[in-house]
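# Structural characterization, general
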Amino acid sequence: MADQALIKDLEAKAVQLRCNVLEMIGIGKAGHWGGSASLAEAMAVLYFHVMNVDAKAPKAPDRDRLLLSKGHGALIQYAALCELGYFPREEMQRVKSLNGLLQGHPDLSIPGVEAVTGSLGQGLSIGVGMALALRLDKKASRVYVVMGDGEQSEGQLWEAAMAASNFKLDNLTAFLDWNKIQATGRTEDVFKIPDLDKKWASFGWEVFSVDGHDVEKLLAAVDKAKAVKGRPTLVILDTVKGKGVSFAENTPAYHNGTFDEARFTLAMAELEARKAALAAQKEMV
Ligand SMILES: Cc1ncc(C[n+]2csc(CCOP(=O)(O)OP(=O)(O)O)c2C)c(N)n1
């Protein structure tokens, strides 16, 4: 069983990442809250515990790589990279502004970003290439690719899925943020893809599902994925779009929504209350 203090720390990090995302969206500006918030725990676990990354050496050859294939969720990646010290906190204030470092989708000019993403469906192909190259170079580094459920309708993903199993890429773990909502509505209504788990398994992947907001289970899932030999692993994250802000949860309008002043204040208050509750719980550990 994972250390309870570690779990509490990672839960608190996830809330801090959500606060950072909300800060970047700000008041009266559109921003991808929904698909960023659904990934907060997974990002906290990967960036703050699992991955071998160092903000002081962003290009270290032995680093692990994380590619956000659902690039519109960039704010959650920026939130994590900022906490890790890849760039100064002031950059968060200039997000999506002309000449700012942090634009609407991940870009290679941003320290810590491994691939340009945002055109959905491409991240896994890039990850397959990286995983192959790392294996050729005899590196122990791992590649993590994060996809969306709406993104599953992109054909290129399935070419990459076949290639990954053909090449037995056990240094590659993909995550599917199964938050069940895409840009304009429920994924099931927009583009139904039944039995995603069976589809991925039939493409030669090890597949398992996990509550994407349960840090302890996420830690175990990543360990399980690392132990799989001879094929890539897909971890389906069962998540809530917009998680952490009650009125934005499961609400397509917050895919790329706007917070007016009252809603911004309410959202930040909910996140701060959660932070305080977690700090109190940590005292008890
Ligand atoms: C190739 C391509 N087509 C369309 C879009 C526009 N688009 C941006 S986000 C989005 C929905 C993505 O849904 P999902 O993968 O479920 O992401 P999440 O709900 O987790 O944010 C779409 C269609 C895009 N970025 N790329």
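Everything below is about the structure printed above this text.
Below is a summary of the structure that appears in this document. (Residues numbered from 1 in each chain as written. Predicted model: local features only at pLDDT ≥ 70, side-chain atom pairs only at ≥ 80, totals over all residues. Heavy atoms only, no water.)

### Some remarks on the site of the ligand
Not every one of the 18 residues close to the ligand is listed here, only the nearest: His72, Asp149, Gly150, Ile181 and Lys241. Residue Gly118 places a main-chain N or O atom 2.8 Å away from a nitrogen atom belonging to the ligand. For the ligand, an oxygen atom lies 2.9 Å from a polar atom in the side chain of Asn179. Relative to its unbound accessible area of 590 Å², the ligand is 74% covered by the protein chains. Partitioned by chemical class, the residues of the shell around the ligand number three nonpolar, nine polar and six charged. (Near = heavy atom within 4 Å. Polar contact = N/O pair within 3.5 Å; in protein donor to acceptor, adjacent residues only side chain to side chain. Areas by Shrake-Rupley, 256 points an atom, 1.4 Å probe, with all protein chains shown as cover. Nonpolar A, V, L, I, M, F, W, Y, C, P; charged D, E, K, R; others polar.)

### Points about the side chain of His32
Mapped onto the elements of the fold, His32 is located in the loop between strand S1 (30-31) and helix H2 (34-37). Within the local environment of His32, its side chain forms a polar contact with the backbone oxygen of His72, the two atoms lying 3.2 Å apart. Non-local contacts of His32, meaning those with residues more than four positions away in its chain, are made with Ile25, His72, Leu75, His255 and Asn256. (Helix = DSSP H or I, 4+ residues; strand = E, 2+ residues; numbered from the N terminus. Contact = heavy atoms within 4.5 Å.)

### Thoughts on the packing of aromatic side chains
By the definition in use, this model includes eight aromatic pairs. Here Tyr144 and Phe175 contribute two aromatic rings whose centre-to-centre distance is 6.2 Å and whose plane-to-plane angle is 35 degrees, an arrangement assigned as tilted. Taken together, the positions of Tyr144 in strand S3 (residues 143-148) and Phe175 in strand S4 (residues 172-178) put the pair 31 residues apart, joining distant regions of the chain. Aromatic side chains Tyr254 and Phe259 sit 5.1 Å apart centroid to centroid with 45 degrees between the ring planes, which places their arrangement in the tilted category. (Phe/Tyr/Trp six-rings, centres within 6.5 Å; stacked < 30°, edge-to-face > 60°.)

### A look at the nonpolar core
Trp33, Tyr78 and Phe259 are the most contacted members of the largest nonpolar core, which has 63 residues in total. When residues of this core are assigned to their parent elements, the largest contribution, 10 residues, is made by helix H1 (residues 4-25). Those residues in contact with Phe259, other than ones at most four positions away along the chain, are Leu22, Ile25, Gly26, Ile27, Gly28, Trp33, Phe247, Tyr254, Phe264 and Ala267. If you look at the next biggest cluster of nonpolar residues, it comprises 25 residues, including Val143, Met147, Ala160 and Leu196. (Core = buried A, V, L, I, M, F, W, Y, C linked by side-chain atoms within 4.5 Å. Buried < 20%, exposed > 50% of the residue type's maximum accessible area, 1.4 Å probe, protein only.)

### Topic: the pairing of strand S5 (residues 206-211)
Inspection of the sheet shows S5 paired to strand S6 (residues 233-238) by six bridges, in the parallel sense. Bridging from a neighbouring strand, Asp211 pairs with Asp238 of S6. With helix H10 (residues 215-227) bridging S5 and its parallel neighbour S6, the resulting β-α-β unit is right-handed. (Pairing = 2+ DSSP bridges. Right-handed = clockwise from strand over helix to strand, strands pointing away.)

### As for the pattern of salt bridges
Close approach of charged atoms allows side chains of opposite charge to pair. Per the counting criterion, the structure on display carries 14 salt bridges. Between Asp238 and Lys180 there is a salt bridge, with its nearest N and O atoms 2.6 Å apart. Taken as a pair, Asp238 in strand S6 and Lys180 in the loop between S4 and helix H8 (187-190) lie far apart in primary sequence, 58 residues in all. By relative accessible area, Asp238 is classed as partly exposed at 36%. A single network of salt bridges, built from pairs that share partners, joins Glu23, Glu83 and Arg89. (Salt bridge = Lys/Arg side-chain N within 4 Å of Asp/Glu carboxyl O.)

### Considerations on the sheet that holds S5
Reading across the sheet, the five strands line up as S2-S3-S4-S6-S5 and stay open at both edges, with parallel pairing between neighbours. Since the sheet does not close on itself, it has two edges, and those belong to strand S2 (65-68) and S5, each with one partner. Neighbour to neighbour, the strand axes of the sheet diverge by 20 degrees on average, direction disregarded. On the sheet, H10 packs against S3, S4, S5 and S6 and is oriented at approximately 170 degrees with respect to S5. (Axes fitted to C-alpha atoms, helices over the stretch in contact; angles between N-to-C directions.)

### Let's talk about the packing of helix H3 (residues 40-50) against helix H4 (residues 74-84)
Look at H3 against H4: their axes get within 10 Å of each other, and the N-to-C directions meet at 35 degrees. By crossing handedness, the relation of H3 to H4 is classed as right-handed. In this structure, H3 contributes Ala40, Met43, Tyr47 and Phe48 to the contact, and H4 contributes Ile76, Gln77, Ala80, Leu81, Glu83 and Leu84. Per-class residue counts for the contact of H3 with H4 are eight nonpolar, one polar and one charged. (Left-handed = near helix turned anticlockwise from the far one by under 90°.)

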